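Examining the three-dimensional arrangement
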Amino acid sequence: MALAQRLNVAARGPADARTIVFVHGFGCGQDMWRHVAPEFERDHRVVLFDLPGSGEADASTYDTIRHGRLEGYRDDIIALLDELDLHAVVLVGHSVSAMIAVLVQIARPDLVERLVLVTPSARYLNDVDYVGGFGEADIDELLDLMSRNHLGWQDPLAALVAGSDSSAVKDELERVFCRTRPEIAAEFAAVTFRGDNRADLPHVSAPTLVLQSREDSVAPLTAGLYVKEAVPDCAFEILETRGHCPQLSVPHETAAAIRRYLDVSVNSRTA
């Protein structure tokens, strides 16, 4: 079975147009982009898929050892883009997949022309002179809850990710979290929240846009600004919303911000 089939790839829009690939975050699936991706189908080839262990991806795509590091997901995306014969794509990554997208671009710059990082964090844990948003005890408590209570972690995490203003987003996140196999959710959460990709950021060679929610308890403004300052050629825009999923809370504004950035990049390239 082809990798594209196993990862539930959906491709829409003109086959000969610029390609934009959307990558979802922890515990979700490609449906998280359903309000944003269609905005680009008129003049882009839009590609969506489910990460191994997530959404409707075939169960065989997930491997505990391989996906115990973000590099495992990086290699999956590289293999998928190669299989689809895609080059110079716009790679849009949300949350932890922002860092996966960074790793893809560094490893294979020929595959990625532009990066769009939606609510990124290079490290969720606070460090000396760095505010990631979480203390060590916070992460220990979350991971312990996920290992002890397979049905008890979804509600508090969904509330944290959604933000205080959107019960609809919170309810949706809780539903999708509940569909993720508990052992995979716990493993992916550990990889996500204990990761540190700060040293990777200066090696990004593609022009990059960071989209930051005004208020985000998961990836606060300090985390987004750190990414912006560390990536060599990086634009930065704040979306007026609360929560970690602007593609759900303010989808039209999110799509418009991506569109503005891409339009500017096209104009500057042809000038």
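Structure report, in brief. Residue numbers run consecutively from 1 along every chain, following the written order of its sequence. In keeping with the model being predicted, local features are shown solely for residues with a pLDDT of at least 70 and side-chain atom pairs are shown and tallied solely at 80 or more, while totals for entire chains, interfaces and linings include all residues. To obtain the side-chain values, all non-hydrogen atoms of the structure were used and water was disregarded.

Let's talk about the state of the cysteines
Any covalent bond linking the sulfur atoms of two cysteines counts as a disulfide. The following threshold applies: Criterion for a disulfide: a pair of cysteine sulfur atoms at a distance within 2.5 Å.
In total, this model carries zero disulfides according to the counting rule given. The closest cysteine sulfur to the non-disulfide-bonded Cys245 is located on Cys28, 5.9 Å from its own sulfur.

Points about the nonpolar core
Stated formally: Side-chain atoms within 4.5 Å are what join buried Ala, Val, Leu, Ile, Met, Phe, Trp, Tyr and Cys residues into a set we call a nonpolar core. Only protein chains enter the calculation, and the probe is 1.4 Å; a residue is then buried if its accessible area is under 20% of its type maximum, exposed if over 50%, and partly exposed in between. Helix and strand assignments come from DSSP, with helices taken as H or I runs of at least 4 residues and strands as E runs of at least 2, each series counted from the N terminus. Contact criterion: two residues are considered in contact whenever any of their non-hydrogen atoms come within 4.5 Å of each other.
If you look at the biggest cluster of nonpolar residues, it comprises 67 residues, and the most contacted ones within it are Phe26, Leu70, Leu91, Leu173 and Phe177. Counting residues per element, this core draws most heavily on helix α3 (residues 96–107), which supplies eight residues. Apart from residues lying up to four places away in sequence, Phe177 is in contact with Phe26, Gly27, Cys28, Trp153, Gln154, Leu157 and Ala158. Counting residues in hydrophobic clusters, the runner-up holds 20 residues, among them Phe22, Trp33, Leu48 and Leu209.

Focus on the sheet that holds strand β1 (residues 10–12)
Applied cut-off: Should DSSP find at least two bridges between two strands, the strands are taken to pair. Here the axes come from fitting lines to C-alpha atoms, over the contacting stretch only for helices, and the angles between their N-to-C directions go from 0 to 180 degrees.
Spatial ordering of the open sheet is given by β1-β3-β2-β4-β5-β6-β7, a layout of seven strands whose pairing is mixed. Bordering the open sheet on either side are β1 and β7 (234–242), each of which pairs with just one other strand. Ignoring which end each strand starts from, the neighbouring axes of this sheet average 15° apart. Two elements, β1 and strand β3 (residues 44–48), share three bridges in a ladder whose sense is antiparallel. Considered in β3, the bridge of Ala10 is made with Leu48.

Quick look at the packing of helix α2 (residues 70–83) against α3
Threshold: Should an angle lie under 35 degrees it is considered roughly parallel, over 145 roughly antiparallel, and from 65 to 115 roughly perpendicular; all remaining angles are considered oblique. What makes a crossing left-handed is the near helix being turned counterclockwise from the far one by less than a right angle; a clockwise turn instead makes it right-handed. Under the convention adopted here, Pro, Cys and the residues Ala, Val, Leu, Ile, Met, Phe, Trp and Tyr are nonpolar, Asp, Glu, Lys and Arg are charged, and Gly plus all remaining residues are polar.
Where α2 meets α3, the axes come as close as 9 Å, and the angle between the chain directions of the two elements is 60°. When the interaxial angle is binned, α2 and α3 end up oblique. Crossing of α2 against α3: the hand is right-handed. Mapping the contact onto sequence places Leu70, Glu71, Tyr73, Arg74, Ile77 and Ile78 in α2 and Val96, Met99, Ile100, Leu103, Val104 and Ala107 in α3. Looking at side-chain class alone, the contact of α2 with α3 contains 10 nonpolar, no polar and two charged residues.

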